[in-house]
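The residues making up each chain are set out below.
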Amino acid sequence: MTRMPPTMTAPPPVVCIVDDDAAVREALDSLFRSVGLNVATFSSAADFLARENASAPGCLVLDVRLPGVNGLDFQAQLAAMDNRLPIVFMTGHGDIPMSVRAMKAGALDFLSKPFRDQDMLDAVSMAIERDAAERRDATAIGALRQAYASLTPREREVMQHVTAGLMNKQVGSLLGLSEITVKIHRGNVMRKMAARSLAELVRQAEALAAHS
Amino acid sequence: MTTGALLALAVFLVDTFTALQGAVAVVYLVVVLLVAASGSRRAIGGAAFGCMGLTIVSFVRGHGFPALDAAMLRCLVSLSAIAITAVLSLRARDRLATIAGQARLIELTHDSIYVRDMDDVIVLWNTGAEQLYGWTASEAMGQRATQLLATALPGHHTVVDAALFSAGRWEGEVTQKHRDGRTVIVATRCALLRDDRGKARVILEAGTDVTARRAADAALSESEDRYRSMFEKARFSFWEEDWTLVMDRIATLRDQGVTDLAGYLQVNPAFIRECCALTQVTDVNDATVRMLGARCREDLLGPLDRFLPPTDTTFSRVILTIAQGGGVAEGETHIVNLKGERLTVLFALNMPLGPTRFDRVLVSVVDITDRKRAERALMAVQSELAQAARITALGEMSASIAHEVNQPLAAIVTHGEASLRWLRRPAPDLHEACDAIARVVRDARRASEVVHRVRSLASKEPRQHVRFDLATLVAECALLLEGEMAQHHVVLGVDIAADAPLPRGDRVQLQQVVLNLMGNAIRAMSDVRGARTLVLRARADGEESLLVEVEDSGTGIPEDIAAHLFDAFVTTRGGGMGMGLAICRSTVESHGGRLWATNRPEGGATFHFTLPVTVAEEAGA
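In what follows, the accompanying structure is described. (Residues numbered from 1 in each chain as written. Chains lettered and ligands numbered in written order. Predicted model: local features only at pLDDT ≥ 70, side-chain atom pairs only at ≥ 80, totals over all residues. Heavy atoms only, no water.)

**A look at the overall build of chain A**
1) Next: If you tally the helices and strands in chain A, you get nine helices and five strands.
2) Next: Listed by position from the N terminus, the elements making up chain A come as β-α-β-α-β-α-β-α-β-α-α-α-α-α.
3) Next: Intrachain contacts of chain A at a sequence separation of at least 6 include 62% that bridge at least 24 residues.
4) Next: Of the roughly 11,500 Å² of accessible surface on chain A, 55% is carried by carbon and sulfur atoms. (Helix = DSSP H or I, 4+ residues; strand = E, 2+ residues; numbered from the N terminus. Contact = heavy atoms within 4.5 Å. Areas by Shrake-Rupley, 256 points an atom, 1.4 Å probe, with all protein chains shown as cover.)

Next comes the structure, spelled out in structure tokens:
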């Protein structure tokens, strides 16, 4: 991830708090605002799903015991909806099996109430960072896909064989083309994909394969 | 006699005044015999000498004193004939007198006596025989005995004959017929009488009617057989015990001036054990052999104390019942079988032969060990269920309370920390900090309310305070802990003072307290060598309170534990939660009593608690 984020300005991250206890919501709201974070509070899972600006970056701070739905089940529900917002769990009666299950399902941290403020802030900032990174990856992949979509079928074939490590001459004989024609297609591929070297084109091919 | 005299005169005249040559004097023999037939010894003697005198007179008158000639010889023959006849007559007379006496004796006896000759013909038949067989003497005489009486011998007649002829006598029981046809059983003694030359002459049979006695014997024997059969084959365990030695011992005691046996037994437990050892088991049935795990009946005979453990409390009552002349003593106790297993049994003891026969006391025993075990298991399960339900409810409630209290606590902490952050910002935001602190106060109040609510909830639980009998409660606890006590070889002593007042309170809760303290005591002794004694005492403590003490002979309370013995989560046992004593203390205190512990100077610990006897004030929950 050496590349810089895309040039367009990303919206500021929001910490979403879901807890049925108003006092806990208020306290977390105050704590996160005191360190300059944006906060949105919800008293139930349903309220959270119905929020505006659902695509905003940030993280989710979720109480395990929620009215209507269990926090762990809600985590599974979100994953099924391809919502990748990182989750920090809170529990009033933290037990090990439950936290193990949450962590295995991808939770970022599992904090027992009452928690230390620094632990909560560390967990949340890590979650926001993880979210930002995932969004960056997603953006990069999106650009690659767009570029790949602009290739002609012949150019995709050439790209496939070149990135597999074949010489121009070999690609030509495989596709029944002259070496010169292969060179022209290859030049177009490099330009359209904005790849500055064959090594970068290979990495791009791998990233596309991984996210296909 | 007169005839004899006349005949003698006639002979004398003929002998003297006729010239008949011959032994006329021999006719004097007839005179002697006539006298002998009815006269006394003296008369016979007189007649003989008279006749001899007359013979000599006749001879002298007719012959003078000639030399020894034929006439002289005849005279001497006559004289010796008269003398011999007289001697013989005298002897015959003696014998006759004996026989007459014997015959009178025979008539006098109530036994039946008859005599038969070697042809089985009856020649003598006494009054006893008339009564026994119904035939008069005149009817019986001359009849064949075997035919008349339809005699049936116990064996073959040749065997009886052989005995009779070789030994001269035979005894046995025969069945015969009465004149009216009914059968009589006669105990018979036969004797074979021989004459001087040893020739068998007659058989004398003396008999006694034993028909009635035999019938009674048969009835008795049948009754005994029936008893035996019941005794042997019954599915119950039956014992026969010989109490003679015990009764002798009690008699000695009474001779020594002991009048109140019950009182004596109460203060002399050693005497009870002594009596137990003196009681002899003389017979048992198969069911007993099986119950006690013996190989055979003989394994079980001997002193009773092998089977009755020293913890038995029923034997003194049995002694009293028997000493007071019988009746039935029954109860429930434990016996130890040959494998060392402890059986719980119901027993009943009685004296089938009456209050004077102590050598054959019958005891019936039913093994109820399995039934007891099942009852105990059921009780234990019920108690465990109740306990489990209580623990589950407690667990759920505490989880819920923990959540209720934890939420505001979490909020308070976070608000506090947030307010610090607002204040520590380069430009402190007092407004936000104040808001956060105000919420700290608000949420702390809320937490306090939750706690208050829980307390009022607990005190709302209806308390059922009743008066109850501590002894019954302790007995139930002992039953529940019986297995554990047996496993750890703990002997339980219960000493509740007779004047101890009845406590009042929630019986279920207080039973848990007693159960807990007893259980602790048992486990405290699990590593102790030597006697393991658990004693529960109770007595009045002042006017309005009952003091209960649970005492063990364990290792005592370690010093480092003593100070916080009653705190929650303090335990010396790996498996314990450390809640038992904490709950015990709060239970006792909620009843208005106190619970404390001390170490005993002789080793072990005592837990003491008091309970008010009057209605407990609702001490704060």
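Having seen the structure, we can now continue with the description.
**Brief notes about the interface of chain A and chain B**
1) Next: In this complex, chain A contributes 23 residues to the contact, which on the side of chain B involves 20 residues.
2) Next: With both sides pooled, the region where chain A packs onto chain B buries about 1,800 Å², and carbon together with sulfur makes up 48% of that total.
3) Next: Where chain A meets chain B, there are five salt bridges.
4) Next: Between the two partners, chain A and chain B, sit 12 residue pairs in polar contact (both at pLDDT 80 or more).
5) Next: Elements with a contribution of two residues or more to the side of chain A that touches chain B: helix H1 (22-34) and helix H5 (117-149) of chain A.
6) Next: Element by element, the count of residues in the side of chain A that touches chain B is highest for H1 of chain A, at nine residues.
7) Next: Tallied by class, the residues present in the side of chain A that touches chain B amount to nine nonpolar, six polar and eight charged. (Buried area = accessible area lost by both parts, 1.4 Å probe. Salt bridge = Lys/Arg side-chain N within 4 Å of Asp/Glu carboxyl O. Polar contact = N/O pair within 3.5 Å; in protein donor to acceptor, adjacent residues only side chain to side chain. Nonpolar A, V, L, I, M, F, W, Y, C, P; charged D, E, K, R; others polar.)

**Considerations on the sheet that holds strand S18 (residues 605-612) of chain B**
Backbone hydrogen bonds hold the strands of a sheet together, and the pairing may be parallel or antiparallel.
Residues and elements named next belong to chain B.
1) Next: Taken in spatial order, the five strands line up as S13-S15-S16-S18-S17 in an open sheet, and their pairing is mixed. The open sheet has two free edges, formed respectively by strand S13 (491-496) and strand S17 (595-599), since each of these has just one partner strand. Neighbour-to-neighbour, the strand axes of this sheet turn through a mean angle of 15 degrees, independent of strand direction.
2) Next: Pairing of S17 with S18, which is carried by five bridges, proceeds in the antiparallel orientation. Across the sheet, Leu 595 pairs through a bridge with Phe 609, a residue of S18. (Pairing = 2+ DSSP bridges. Axes fitted to C-alpha atoms, helices over the stretch in contact; angles between N-to-C directions.)

**A word on the pattern of salt bridges**
Working definition: two side chains of opposite charge can pair if their charged atoms are close together.
1) Next: Taken as a whole, this structure holds 48 salt bridges over all chains when the rule is applied.
2) Next: A salt bridge links Arg 442 of chain B to Glu 26 of chain A; its shortest N-O distance comes to 2.9 Å. Here the residue Arg 442 of chain B occupies a position in helix H16 (residues 430-460), and Glu 26 of chain A occupies one in helix H1, the pair thus bridging two chains.
3) Next: Take Arg 442 of chain B: its relative accessible area is 38%, and that puts it in the partly exposed class.
4) Next: A relative accessible area of 27% places Glu 26 of chain A in the partly exposed class.
5) Next: Across the pair Arg 600 of chain B and Glu 602 of chain B runs a salt bridge, and its minimum N-O distance is 3.3 Å.
6) Next: The buried category is assigned to Arg 600 of chain B, whose relative accessible area is 18%.
7) Next: Residue classification places Glu 602 of chain B among the exposed positions, given a relative accessible area of 58%.
8) Next: Via salt bridges that share partners, Glu 224, Arg 228, Glu 232, Glu 240, Asp 283, Arg 297, Glu 298 and Arg 360 of chain B belong to a single interconnected network. (Buried < 20%, exposed > 50% of the residue type's maximum accessible area, 1.4 Å probe, protein only.)

**Quick notes on the packing of aromatic side chains**
1) Next: One pass over the structure, following the stated rule, counts 11 aromatic pairs over all chains.
2) Next: Ring geometry for Phe 89 of chain A versus Phe 110 of chain A: centroids 5.8 Å apart, planes at 40 degrees, classification tilted. Linking Phe 89 of chain A in strand S4 (residues 87-91) with Phe 110 of chain A in strand S5 (residues 109-112), this pair joins segments that are 21 residues apart in sequence. When sorted by exposure, Phe 89 of chain A lands in the same class as Phe 110 of chain A, which is buried.
3) Next: When the ring of Trp 239 of chain B is compared with that of Phe 307 of chain B, the centres are 5.6 Å apart and the planes differ by 80 degrees; the resulting orientation is edge-to-face. Remark: Phe 307 of chain B occurs in the loop between strand S8 (302-303) and helix H14 (315-323) and Trp 239 of chain B occurs in strand S6 (residues 237-242); sequence separation between them is 68 residues. By the burial criterion, Trp 239 of chain B is buried, and Phe 307 of chain B matches it.
4) Next: Feature note: the residues Phe 42, Phe 48 and Phe 74 of chain A constitute an aromatic cluster, connected by ring pairs. (Phe/Tyr/Trp six-rings, centres within 6.5 Å; stacked < 30°, edge-to-face > 60°.)

**Here's the deal with the side chain of Lys 372 of chain B**
All names here are of chain B.
1) Next: Within the element layout of this structure, Lys 372 appears in helix H15 (residues 369-424).
2) Next: According to the relative accessible area criterion, Lys 372 is buried, its value standing at 18%.
3) Next: Every residue in contact with Lys 372, bar those within four places of it in the chain, is listed here: Glu 332 and Thr 344.

**Remarks on helix H7 (residues 168-175) of chain A**
Each α-helix turn comprises 3.6 residues. Residues three or four places apart therefore point the same way.
Residues and elements named next belong to chain A.
1) Next: The set of residues buried in H7 consists of Asn 168, Val 171, Gly 172 and Leu 175. With its buried residues spanning 100 degrees around the axis, H7 presents them on a single face. In H7, the exposed positions that point more than 90 degrees away from the buried face belong to Lys 169, Ser 173 and Leu 174.
2) Next: At its buried positions, H7 is contacted by helix H6 (153-163) and helix H8 (179-192).
3) Next: Taken from the residues just after H7, Gly 176 is the one with a positive phi, measuring 70 degrees. (Arc of directions from axis to C-beta.)

**What to know about the pairing of strand S5 (residues 200-209) of chain B**
All names here are of chain B.
1) Next: In terms of strand pairing, strand S1 (residues 112-117) meets S5 through six bridges, oriented antiparallel. Bridge pairing in S5 links Asp 117 to Val 202.
2) Next: Strand direction decides the pairing type here: strand S4 (residues 183-194) and S5, joined by nine bridges, are antiparallel. Paired with Leu 192 across the bridge in S5 is Ile 203.
3) Next: Connecting S4 to the next strand, S5, in antiparallel fashion are five residues, including Gly 198 with a positive phi near 85 degrees.

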